[in-house]
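# Residue-level structure breakdown
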Amino acid sequence: MTAPAEPAPQETFRALLRSQKVWDTDLPAFDPAHAPPTPLPLFHTWFAEAVAAGQPEPHTMGLATVDEEGLPDVRTVMLHDADARGWHFATHASSAKGRQLAARPDAALHFYWAAQGRQIRVRGRVTTAPHAESLADLHARSTGALAAALVGRQSEVLGTYEELERSSVAAWERARAEPDADSPTWTLYVLEPVEAEFFQGDARRRHVRLRYRRAGGSGWGRELLWP
């Protein structure tokens, strides 16, 4: 018995999918023997190199959390900082991810910089910054960022798009008139890493994977992984 023929749209999609190339460019070398003893300096270096290589939006990252049923969830957010405390991002505490982090404060981050065939994965415990620090972070960003924060209601069901338009117009007006306006639920989060992996792609699939793991206290251990 022969399998039924697939519809033309599926065949078209599959052909298009399989025609895509991966890392159709020269990739940089990465010698893990010369990597720093802790992950943060290497992240700073790779970030600067991603910017220099023309990587679009290198400051965006995937944020993975777990919901109340134990199911994974993921979305793209913006990196606000990476320092000795950890990797910073922000959202409304009342949003889906904010509620998930309140219930289960472990999370993972993922950066993919295709311009150089690089990925970075970071895992750890997430804490919240004081509200004053959250607001200072928000006010250091654009008027549009403040307006979006003032709209609020993130992840709630939206009745009509016109409701969003009206709320957005009012929020933009307030953001311009009150650049120091408060957004009570806006929260800065900091992921303190317990593990960080740096992946350098290789055209012959001999990818280099260097993983840092907390070795107790503030120390780090390093190990290579099979690709």
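Presented here is a report on the structure given in the accompanying data block. All values derive from a computational prediction rather than experimental measurement. Think of each chain on its own: its residues are numbered from 1, step by step along the sequence as written. Owing to the predicted nature of the model, reporting of local features is limited to residues with pLDDT of at least 70; listing and counting of side-chain atom pairs is limited to 80 or more, with chain, interface and lining totals taken over all residues. Side-chain numbers here rest on the full set of heavy atoms in the structure, without hydrogens or water.

Helix and strand assignments come from DSSP, with helices taken as H or I runs of at least 4 residues and strands as E runs of at least 2, each series counted from the N terminus. Here T65 is to be found in strand β1 (residues 60–66). With a relative accessible area of 3%, T65 lands in the buried category. Whenever a nitrogen or oxygen atom comes within 3.5 Å of another N or O atom, the pair is scored as a polar contact, on the condition that within protein one atom can donate a hydrogen and the other can accept it, and that pairs from neighbouring residues in sequence are kept only if both atoms are in side chains. Among the polar contacts listed, one links the side chain of T65 to the side chain of R75, at a separation of 2.9 Å. Of the polar contacts made by the side chain of T65, one reaches the side chain of Q100; its length is 2.4 Å. In what follows, a contact means two residues having at least one pair of non-hydrogen atoms within 4.5 Å. In contact with T65, other than residues within four places in its own chain, are L71, P72, D73, R75, Q100, L101 and A107. The rule is simple: take the accessible area with a 1.4 Å probe, protein chains only, and divide by the maximum for that residue type; under 20% is buried, over 50% is exposed, in between is partly exposed.

When the centres of two rings from Phe, Tyr and Trp lie within 6.5 Å, Trp using its six-membered ring, the rings pair. Their planes under 30 degrees apart give stacked, over 60 give edge-to-face, and anything left gives tilted. Under the definition given, this model contains 12 aromatic pairs. Taking the centre distance of 5.1 Å and the plane angle of 75° together, the rings of F30 and W46 count as edge-to-face. A residue pair is termed long-range when its members are at least 10 positions apart, and F30 in the loop between α1 (8–18) and α2 (39–52) and W46 in helix α2 qualify at 16 residues. Neither residue differs from the other here; F30 and W46 are each classed as buried. Ring centres of W46 and F198 lie 5.3 Å apart, and the angle between their planes is 90°; this geometry places the pair in the edge-to-face category. Residue W46 is located in helix α2, and its partner F198 is located in strand β7 (residues 186–200); the two are separated by 152 residues in the primary sequence. Residue F198 is classed as buried on the basis of its relative accessible area, which comes to 0%. Each member of the aromatic cluster is reached from another via a ring pair, and the members are F30, W46, F198, Y212 and W220. Here, a charge over a ring is recorded when the distance from Lys NZ or Arg CZ to the ring centre is within 6 Å and its angle to the ring normal is within 35 degrees. We note R118 situated over the ring of W46; from NZ or CZ to the ring centre the distance is 4.1 Å.

Once that is clear, we can look at the nonpolar core. We define the nonpolar core as a collection of buried residues of types Ala, Val, Leu, Ile, Met, Phe, Trp, Tyr and Cys that are connected through side-chain atoms lying within 4.5 Å of one another. Grouped together as the largest cluster of nonpolar side chains are 29 residues, with contacts concentrated most on F43, W87, F89, L109 and F111. Where this core is concerned, the elements lending two or more residues are α2, β1, β4 (87–92), β5 (106–113), β6 (118–128), β7 and β8 (208–214). Looking at this core, the element that brings in the most residues is α2, giving 5 residues. Apart from the residues lying within four places of it in its own chain, the contact partners of F89 are M61, L63, V77, M78, H80, L101, L109, V126, T187, L188 and Y189.

Moving on, we come to a nonpolar patch on the surface. Judged by side-chain polarity, L158, Y161 and L164 come together as a nonpolar surface patch covering roughly 300 Å² of accessible area. Examined against the element boundaries, L164 turns out to sit in helix α6 (residues 161–177). The class for L164 is partly exposed, based on a relative accessible area of 32%. Patches in this entry comprise residues that are over 30% relatively accessible and not in a salt bridge; like charges within 9 Å are linked, as are nonpolar side chains (Val, Leu, Ile, Met, Phe, Trp, Tyr) within 5 Å. Throughout, the Shrake-Rupley method with a 1.4 Å probe supplies accessible areas, and for residues the shown protein chains are the sole cover considered. The term salt bridge refers to a side-chain nitrogen of Lys or Arg lying within 4 Å of a carboxyl oxygen of Asp or Glu.

The analysis is restricted to geometry; functional conclusions fall outside its scope.
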